[in-house]
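Here is what each chain is made of, one letter per residue.
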Amino acid sequence: MGHTSLEKIIALQRNPANIRNLCILAHVDHGKTTLADCLVASNGIISTRLAGKLRYLDSREDEQIRGITMKSSAISLQYRNGDQEYLLNLIDSPGHVDFSSEVSTAVRLCDGAIVVVDAVEGVCPQTQVVLRQAWLENIKPVLVINKIDRLIMELKLTSQEAYSHLQKILEQVNAVTGSLFTSKVLEERAEKEKEEEKESETFSGDQVYDWSAGLEEADDSQLYFSPDQGNVVFASAIDGWGFSVQQFAHIYSQRMGIRSEVLLKTLWGDFYLNAKAKKIMKGAQAKGKKPLFVQLVLDNIWSLYDAVVTRRDKEKVEKVVTSLGLKVMARDSRHSDPKVLLSAICSQWLPVSQAVLLMVCEKLPSPLDISAERVERLMSVGARRFDSLPEQTQELKRAFLQCSSGDNDPLIIFVSKMFAADTKALPQNRQRPLTQEEIAQRRELARQRHADRMAAEQTAAESQKDLSHSGSSPQESQPTGLGTAKMESLTLKDSKPEEEEEQQTFIAFARIYSGVVKKGQKVFVLGPKYDPAQSLSKLPEGCSASDCVPEVPHMSCCSMESLYLLMGRELEELEEVPVGNVLGIGGLEECVLKSATLSTSPACPPFIPLNFEATPIVRVAIEPKHPGEMPKLVRGMRLLNQADPCAEVLIQETGEHVLVTAGEVHLQRCLDDLKDRFAKIEISASKPIIPFRETVVRPPKVDMVNEDLGRQHKVAIIHQVKEEASQSRSSDTLHVDPSGLVTLTTPNRLATVSVRAVPLPQDVTSLLESSTELIRTLEQVNMSLREGKSLDVSLRTLEAITGLKAQLESLLQGRKWRNAVERIWAFGPRRYGPNILLNGVEGYQRPSVWQFLGRGDKAGEAGAQAAVMRDLDNSIISGFQLATLSGPMCEEPLMGVCFCVERWDIQSSAIPQHQDSLEEDTMSHEALAHSKMEGSSETSAQVESPTAGPSQARRRPEASSADCYGPVSGQLIAAMKEACRHAFQAQPQRLMAAMYTCEIMATAEVLGRVYGVLGKREGRVLQEEMKEGTDMFIIKAVLPVAESFGFADEIRKRTSGLASPQLFFSHWEVISSDPYWVPTTEEEYLHFGEKADSANQALKYMNDVRRRKGLYVEEKIVEHAEKQRTLSKNK
Ligand SMILES: Nc1nc2c(ncn2[C@@H]2O[C@H](COP(=O)(O)OP(=O)(O)OP(=O)(O)O)[C@@H](O)[C@H]2O)c(=O)[nH]1
Ligand SMILES: [Mg+2]
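All values derive from a computational prediction rather than experimental measurement.

Draft legend 1. A look at the overall build of the chain. For the chain, the helix and strand inventory stands at 37 helices and 34 strands. In the chain, buried positions account for 49% of the 1131 residues. Long-range contacts, defined here as pairs at least 24 residues apart, represent 76% of the contacts in the chain between residues at least 6 apart. Element-wise, carbon and sulfur atoms account for 50% of the exposed surface of the chain, whose accessible area totals about 55800 Å².

Draft legend 2. Structural view of a positive patch on the surface. There is a patch of like positive charges on the surface, built from Lys424, Arg635, Arg638 and Lys680. If you trace the backbone, Arg635 turns up in helix 22 (residues 630-643).

Draft legend 3. Inspection of the coordination of the magnesium ion (ligand 2) at higher detail. Those protein atoms acting as donors to the magnesium ion (ligand 2) are Thr33 (OG1) and Thr69 (OG1), and they sit at 1.8 to 1.9 Å. Here Thr33 is found in helix 2 (residues 32-42), whereas its partner Thr69 is found in the loop between helix 3 (61-66) and strand 2 (73-81), with 36 residues between them in sequence. Each member of the pair Thr33 and Thr69 is classed as buried.

Draft legend 4. Inspection of the pattern of salt bridges at higher detail. Per the counting criterion, the structure on display carries 39 salt bridges. For Asp673, the salt bridge identified is with Arg60, shortest N-O distance 3.1 Å. Highlighted residues: Asp673 in helix 23 (residues 664-678) and Arg60 in the loop between helix 2 and helix 3, separated in sequence by 613 residues. The exposure class assigned to Arg60 is buried, which follows from its relative accessible area of 15%. Between Arg150 and Asp118 there is a salt bridge whose closest N-O contact spans 2.9 Å. Note that Arg150 is positioned in helix 6 (residues 148-153) and Asp118 in strand 4 (residues 112-118), a separation of 32 residues in sequence. Both residues of the pair, Arg150 and Asp118, belong to the buried class. One network of salt bridges, with partners in common, ties together Arg60, Asp62, Asp644, Arg669 and Asp673.

Draft legend 5. Quick peek at the site of ligand 1. Neighbouring ligand 1 are 19 residues; Lys32, Thr33, Thr34, Thr69 and Asp149 lie closest to it. Residue Thr34 places a side-chain N or O atom 2.5 Å away from an oxygen atom belonging to ligand 1. Note that an oxygen atom of ligand 1 is positioned 3.2 Å from one of the backbone N or O atoms of Ile238. For ligand 1, the accessible surface in isolation is 650 Å², of which the surrounding protein chains cover 84%. Listed by contribution, the elements that provide at least two residues to the shell around ligand 1 are helix 2 and helix 6. Per element, the largest residue contribution to the shell around ligand 1 is three residues, and it comes from helix 2.

Draft legend 6. Region of the structure containing helix 11 (residues 292-310). At Leu298, helix 11 shows its strongest bend, of approximately 45 degrees. Most of helix 11 sits inside the fold, with 14 of its 19 residues counted as buried. Following helix 11 by one or two positions, Arg312 adopts a phi angle in the positive range, close to 50 degrees.

Draft legend 7. Fine view of the packing of aromatic side chains. Counted according to the given criterion, the structure contains 23 aromatic pairs. Their ring planes at 80 degrees and their centres at 4.9 Å tell us that Trp268 and Phe293 sit as a pair that is edge-to-face. With Trp268 in the loop between helix 9 (260-266) and strand 8 (271-274) and Phe293 in helix 11, this pair connects stretches of sequence that are 25 residues apart. Taken together, Tyr163, Phe234, Trp241, Phe243, Phe248, Tyr252, Trp268, Phe293, Tyr305 and Trp349 form an aromatic cluster joined through their ring pairs. Directly above the ring of Phe509 sits Lys417, whose terminal nitrogen or CZ lies 5.2 Å from the centroid.

Draft legend 8. Expanded view of the packing of helix 33 (residues 1007-1016) against helix 34 (residues 1047-1054). Packing of helix 33 against helix 34 leaves a shortest axis separation of 9 Å and a crossing angle of 150 degrees. On the basis of their axis angle, the class for helix 33 and helix 34 is roughly antiparallel. Along this stretch, helix 33 crosses helix 34, giving a crossing that reads as right-handed. Residues Arg1009, Val1010, Val1013, Leu1014 and Lys1016 of helix 33 pack against Phe1047, Glu1050, Ile1051 and Arg1054 of helix 34. Considering only residue class, the contact of helix 33 with helix 34 consists of five nonpolar, no polar and four charged.

Draft legend 9. Seen up close, the state of the cysteines. Tallied over the full model, the rule gives zero disulfides. Here Cys670 is not cross-linked by a disulfide; its sulfur's nearest cysteine counterpart is in Cys646, at 8.3 Å.

Draft legend 10. Representation of the sheet that holds strand 21 (residues 648-651) in the model. With antiparallel pairing, the four strands of this open sheet are ordered in space as 21-22-20-23. Each of the sheet's edge strands pairs with one partner strand only, and the pair in question is strand 21 and strand 23 (683-685). Here the strands of the sheet are splayed against their neighbours by 30 degrees on average, with no regard to which way each runs. Here four bridges tie strand 21 to strand 22 (residues 657-661), and the two strands are oriented antiparallel to one another.

Draft legend 11. Summary view of the sheet that holds strand 26 (residues 742-745). Judged by pairing direction, the sheet is mixed, and its six strands sit side by side in the order 25-26-27-30-29-28 without closing on themselves. Every other strand in the sheet has two partners, leaving strand 25 (734-736) and strand 28 (824-828) as the edge strands with one partner each. The sheet shows a mean angle of 20 degrees between the axes of neighbouring strands, taken without regard to direction.

Draft legend 12. Examining the pairing of strand 5 (residues 140-146) more closely. When you tally the buried positions in strand 5, you get five out of seven residues, the bulk of the element. Viewed along the sheet, the connection from strand 4 through helix 5 (residues 125-136) into strand 5 turns out right-handed.

Draft legend 13. Focus on the confidence of the model for the chain. For the chain, per-residue confidence averages 78 on the pLDDT scale, and residues scoring 70 or more make up 78% of the total. The model gives residues 203-211 a pLDDT under 50, and that stretch makes two contacts with residues more than four places away or in other chains. Below a pLDDT of 50 lies the segment residues 712-724, which in the model reaches 20 contacts outside its immediate sequence neighbourhood of four places, other chains included.

Scoring rules and cut-offs
- Residue numbers restart at each chain and count upward from 1, following the sequence in its written direction.
- Chain A is the first chain written and ligand 1 is the first ligand written, with later ones labelled in order.
- This being a predicted model, a pLDDT of at least 70 is required before a residue's local features are given, and a value of 80 or more before pairs of side-chain atoms are given or counted; all residues contribute to the totals for chains, interfaces and linings.
- Computation of side-chain values: all heavy atoms of the structure, hydrogens and water removed.
- Only runs of H or I of at least four residues qualify as helices and only runs of E of at least two qualify as strands under DSSP, and these elements are numbered from the N terminus.
- Burial classes: relative accessible area under 20% of the type maximum marks a residue as buried, over 50% as exposed, and values in between as partly exposed (1.4 Å probe, protein chains only).
- Contact between two residues is taken to exist if any of their heavy atoms lie within 4.5 Å; hydrogens are not considered.
- Accessible surface area values rest on a Shrake-Rupley calculation with a 1.4 Å probe, where residue burial reflects the displayed protein chains alone.
- Patches were defined on residues exceeding 30% relative accessible area and lacking a salt bridge, with like-charge contacts within 9 Å and nonpolar side-chain contacts (Val, Leu, Ile, Met, Phe, Trp, Tyr) within 5 Å.
- Here a salt bridge means any side-chain nitrogen of Lys or Arg lying within 4 Å of a carboxyl oxygen belonging to Asp or Glu.
- Counted as positive: Lys and Arg. Counted as negative: Asp and Glu. His and the chain ends are not counted at all.
- Just so you know, the charge point we use is NZ for Lys, CZ for Arg, CG for Asp and CD for Glu.
- The donor set covers N, O and S atoms within 2.8 Å of the metal, switching to 3.2 Å for Na, K and Ca, and it leaves out water, so a site may look short of donors.
- A molecule or strand has a residue near it when one of that residue's heavy atoms lies within 4 Å.
- Polar contacts here mean pairs of N or O atoms no more than 3.5 Å apart (in protein, one a potential hydrogen donor and the other a potential acceptor; neighbouring residues in sequence count only if both atoms are side-chain atoms).
- The angle between axes fitted to the seven-residue stretch ending at a residue and the seven-residue stretch beginning at it gives the bend at that residue.
- Geometry of aromatic contacts follows a simple scheme: Phe, Tyr and Trp rings, the Trp one being its six-membered ring, pair when their centres are within 6.5 Å, and the pair is stacked under 30 degrees between planes, edge-to-face over 60, tilted otherwise.
- Consider the ring centre and the ring normal. A charge sits over the ring if Lys NZ or Arg CZ is within 6 Å of that centre and within 35 degrees of that normal.
- Note on definitions: angles span 0 to 180 degrees between N-to-C directions of axes, and those axes are lines fitted to C-alpha atoms, for helices only across the stretch in contact.
- Oblique is the label for any angle not under 35 degrees, not over 145, and not in the 65 to 115 range, which are roughly parallel, roughly antiparallel and roughly perpendicular in turn.
- Two helices that cross are described as forming a left-handed crossing if the nearer one is turned anticlockwise from the farther one by less than a right angle, and a right-handed crossing if clockwise.
- As a working rule, the residues Ala, Val, Leu, Ile, Met, Phe, Trp, Tyr, Cys and Pro are called nonpolar, Asp, Glu, Lys and Arg charged, and the rest polar, with Gly in that last group.
- To count as a disulfide, a pair of cysteine sulfur atoms needs to be within 2.5 Å.
- Any two strands with at least two DSSP-identified bridges between them are counted as paired.
- Seen with its strands pointing away from the viewer, a crossover is right-handed when the path leading from the first strand over the helix to the second is clockwise.
- For every residue, the predictor states its confidence as a pLDDT score lying anywhere from 0 to 100.

Structure follows, in structure tokens:
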């Protein structure tokens, strides 16, 4: 552990005022791990020479090979500043977007963050994301502008140019922070206004309006990064140097006799030194003078680089070294690589660790400084308000704020992730170094064994001699001798407990917010849905986790088997850990899946869930190479699921094991982990399964050759075929009218529904898509209302739901959508998706989904018929849910479709008598249909021939009673589902593709090639601009997820590693081509030929999905091969 001893760290852990929990955040490759290396080296854990090269915290092999960090890992460091000693719990995080969930797990445990920005690249997409994450978690950031050496060596800027470049970067970062701050103030302001409004409603009187947005009063002086505030460090981690303005102010105040406070204020900014007047003046830029920062700071560094690296001027270097009072070892100054000498000088002159650690200790808050606001946010889950929590729970806030660590104080711990470590590598299983005595003892033992062996050999030789004397062949006895020896060694090997040796142990990555945790202590594990109010009423007062407590939902008990200090690649065992520290906990793998809240008090609420920025989107199906190893794979996938905050593991109804990951790199890491650590078997992964959505669009006005459809002559034959197809859909239970209204009767002919599918405006779809959480809450509230319970909804949620309704109303304008928002029956699929079911049934007044907002409660007036209708209301919703969950094109979910039920007749004899059995049936039907959903051949058959359902009914003998068809509710679900599907098919159908956005930074030379790759993969460039101060271009583009595999690699290869894109999931986009398109007009016929055999991308995607799911694929077989022509000849 270098020169920090474990005892020292344990002592430091007891003083929360001097603890700093911090993480390093940045865009990928901006130098986080390199900076961490420098900090680790300052504690003697690795050598200073290796700092920056070793990347100590990248402990995985693939991290080292790829050169990117893939997980967040923690290390405890110590720092002395004057007479104060600090303990720093440092967490290095990954910058690649695929691993942004790891950033969330790190940020939650910290109070502060070091944000690193590359001096050349400036603010990148992920920089904005991490600044936002830090902001959302309410933790304080400080800034390190890294890689300043690149400005000197690569961009060859002068010190003056570099200064203005640095200024720009600082402006960019502050602009991001500023926008976060503004949006927060405005939000708070809006909330306050609402409250005031409520108050003013009660005391009506003269109203006074305040026009200011509240921005003027809000204090933002502490918010921005500014070198004179001491929250910015300029550094080159690779060369080991870094400084803050304070350091130079200190140096020059001694040398020039200027007060250091004055220098501190003027070193950064538009000030210059007037040598004659011996004064610092303002307005350097206007007068064409060198700013102080350039003159006193940058020039020194530039000339050092010039002397050491560019000119290799030995004499000058020596002069500098002596004047700075440094010592450089001879082997460093003789080294062939000038960089070695440079970092030897710089790391003594301006050690980066000193500058960064000082800034961290002075500027970042300690655990004691946790704000009440942050505590309340952490503790108020879901729609609940903090002040609606039980009193005992609210009291816990005090424990948080005080960071109390008495024996009676409640223990509160948050586990942000579980990580796997080799069981062998745990401290309790690690081999201790042997003591002198033990070594002597072993030596003696070995000596004795050797002597025994010698003696044995001698006797054996003698007996052989005897044997050969006696005439038997020597060959016989020798092999047997060898054989037994071999056998022994074999059995020895076999008996080694292989399983145990290779096992993985899960360790919780956690932080203590209150109390002291002791090894072996028992605690409650609180799941995310745990409700303290409920359990407090059930549990006896003052009970603890070690008592035998009655069962409470979402709560379990667990004991902390071991506690660890996290030291990067190693762990150290601890007996107890006090409040305010980051730690590892062993023994929780049975009770904690990914994250959890642990407490000794049942009044503790679960912490709000981590906010993940990445959406898992890349799915692959996995199977073992040898089918017999399935159980191992299942176990491995379970472990992987636990060990990764973002990966999802599911088993589909078809039995496929599916892994969902955030991106390609993440996928590769998960597969490697599965192969080498968790399952330890050969596996094969399918090609990535690309998600699609199905939707309908308005009928096109022009045909495929851009001719107005109205004026065209239809090609008779083909048209006829189409008409026939649509007619064949109609049968005695199904009727499709030309306007797209589908009417379907249940097989027992007792119920009829008419449904029409209408495309939703795009804005509405995106609004629904972005409000899923809110709609889910809405659904929960409605559900509990239906059950007769009331839910305490926070004001903020209510506001948000009212806002959503208002937005929908403003977007759904026009005759077609009159009163549509009030008529919303349900959202789907899964009751919160981006599709709407509308109630267009005349005379059916059902309670609105918005009823709890206080308006639109018409249940009372609805009368007897509505009450009856409501019984089967649920069947209609279920049918809609099923229809939207998998569409007719390729069984993918629907998006942006509105189904309007225009007629719903039901004969009174169909109304069931027994409510209970009906409910059950509804449930089971839904479940059944769910289980059939994906890929099962049975469903596919039904999908393919739309008449299958009704025709089956026809085949059956006409039944006089409805009974032989099963319960009405089930039939209605099926009928509704089929009706929706037919209604969908009656409209022009389109596929929607998931799109990534990416920002690519490339130099002018490789720009053409980047465009080439983008074009080939159906990408679309949105924006291209030159990055100021560099010769780089920034290209913003969108690209279908389906075409993205290998994209990053291809770009990197084509540009010799100069451009490396980061892909973010952005949105869903309608693919404009119609997968079912066939030429129908003369023009089209002329242009595309009879078979329209030019590539149809949408059809290709659709057929790929259908093939994967085992659905029927209609493919053309070559007819008249000799007649085939290419398109160009045809023109
Ligand atoms: N020129 C220069 N290169 C640097 C500096 N700091 C880091 N690098 C290089 O930048 C590359 C990325 O460094 P890392 O420390 O791995 O970056 P990171 O931010 O940890 O990257 P991820 O963890 O993958 O997000 C490495 O090749 C480093 O050698 C610096 O100060 N100057
Ligand atoms: Mg890294």
